[in-house]
Amino acid sequence: MGGVAGMRGRQTVRGMFQSLAVIMVAAGVMYLFIPHDEKANPVKTKDYRVELLTAQRAAPYPVLAPEGLGEDWRATVVSYKRENHNAWQLGFLDPDTQYVAIHQSTEEPRKYVPDVTQRAKDTGRTETVAGKVWQRWEGPKYDALVRTEDGATTVVTGTASFDRLAQMAGALQGKKA
């Protein structure tokens, strides 16, 4: 008697897997044939004002955010982590849909900058933007403009060109709430 029940159990499990396979194939076919709007904007633009105010109150340095950039700069990432060396991050897609981020932290720059730039290295060159001197870093994935002042290191980094990074760096305004 036990042999028949065992056999039936195996058939049930196999039937379940066959049904699952049919469902997966059907779902895949439906996905392929349902029209996708390539022009649709899947990137949600974030309103980061609340997080910015919170960070400005909590951080021991003037937290920076851009002012005066056009509507075609869209904020996509925002975070402040006090427990992680007061790390502030604000990421954007620029008008060419390249990524540009502002990172600030009280962490040691030699560790912090390679972390947030995905292993960029200091070129030894500088760039003056809006009267401030920034170090120019270049990397396999992200380039960056870097400066340390008021007890924090600021990194403007991303996949965008140095012109776009400079545009962001020049728009940064700091407040201590």
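Structural data are supplied above this passage.
Keep in mind that what you see is a predicted model, and the values were worked out from it rather than measured. (Residues numbered from 1 in each chain as written. Predicted model: local features only at pLDDT ≥ 70, side-chain atom pairs only at ≥ 80, totals over all residues. Heavy atoms only, no water.)

Colleague: What am I meant to see in the pattern of salt bridges here?
Modeller: Pairing is possible between side chains that carry opposite charge, provided their charged atoms lie close to one another. Summed over the entire model, instances satisfying the criterion amount to 11 salt bridges. The partner of Glu-149 in a salt bridge is Lys-132, and the shortest N-O contact between them spans 3.4 Å. In this pair, Glu-149 is assigned in strand S7 (residues 143-149) and Lys-132 in strand S6 (residues 132-138), connecting sequence segments 17 residues apart. Residue class for Glu-149 comes out partly exposed when judged on its relative accessible area of 31%. (Salt bridge = Lys/Arg side-chain N within 4 Å of Asp/Glu carboxyl O. Helix = DSSP H or I, 4+ residues; strand = E, 2+ residues; numbered from the N terminus. Buried < 20%, exposed > 50% of the residue type's maximum accessible area, 1.4 Å probe, protein only.)

Colleague: When you look at the packing of aromatic side chains in this model, what are you seeing that I'm missing?
Modeller: The description of an aromatic ring pair rests on the distance of the ring centres and on the angle between the ring planes. With the rule as written, the count across this model stands at 2 aromatic pairs. Ring centres of Tyr-48 and Phe-92 lie 5.9 Å apart, and the angle between their planes is 80°; on these two criteria the pair is classed as edge-to-face. One end of the pair, Tyr-48, is in the loop between helix H1 (2-33) and helix H2 (49-58); the other, Phe-92, is in strand S3 (residues 87-93), and 44 residues separate them in sequence. The class of Tyr-48 is buried, set by a relative accessible area of 16%. With relative accessibility at 4%, the residue Phe-92 sits in the buried group. On the numbers, 6.2 Å between centres and 40° between planes, the contact of Tyr-99 with Tyr-142 is tilted. (Phe/Tyr/Trp six-rings, centres within 6.5 Å; stacked < 30°, edge-to-face > 60°.)

Colleague: I'm lost on the pairing of strand S4 (residues 99-105) in this one. Help?
Modeller: A regular strand places its side chains on the two faces of the sheet in alternate fashion. The buried count for S4 comes to 7 of 7 residues, which makes it a mostly enclosed element. The side-chain alternation of S4 yields two buried faces, one formed by Tyr-99, Ala-101, His-103 and Ser-105 and the other by Val-100, Ile-102 and Gln-104. In this sheet, S4 lies alongside S3 in antiparallel orientation, the contact comprising 6 bridges. In the strand pairing of S4, Leu-93 is matched with Tyr-99. In textbook terms, the turn of a hairpin is the stretch between consecutive antiparallel strands, and for S3 and S4 this stretch comprises 5 residues, one of which, Thr-97, has a positive phi near 60°. Note that S4 and strand S8 (residues 152-158) share 6 bridges and pair antiparallel. (Pairing = 2+ DSSP bridges.)

Colleague: In this structure, what is going on with a nonpolar patch on the surface? I would like to understand it.
Modeller: Together, Val-13, Met-16, Phe-17, Leu-20 and Met-24 make up a nonpolar patch on the protein surface, roughly 540 Å² of accessible area in all. Residue placement: Leu-20 occurs in helix H1. For Leu-20, a relative accessible area of 45% puts it in the partly exposed group. (Patch = residues over 30% accessible without salt bridge, like charges linked within 9 Å, V, L, I, M, F, W, Y side chains within 5 Å. Areas by Shrake-Rupley, 256 points an atom, 1.4 Å probe, with all protein chains shown as cover.)

Colleague: Help me out: how do you make sense of the environment of Val-116 in this one?
Modeller: With respect to the helices and strands, Val-116 occurs in helix H3 (residues 109-116). Residue Val-116 is classed as buried on the basis of its relative accessible area of 16%. Along the sequence, Val-116 and His-103 sit 13 residues apart, while their C-alpha atoms lie 7.3 Å from each other. Filtering out sequence-adjacent residues up to four positions away, Val-116 remains in contact with His-103, Tyr-142, Val-155 and Thr-157. (Contact = heavy atoms within 4.5 Å.)

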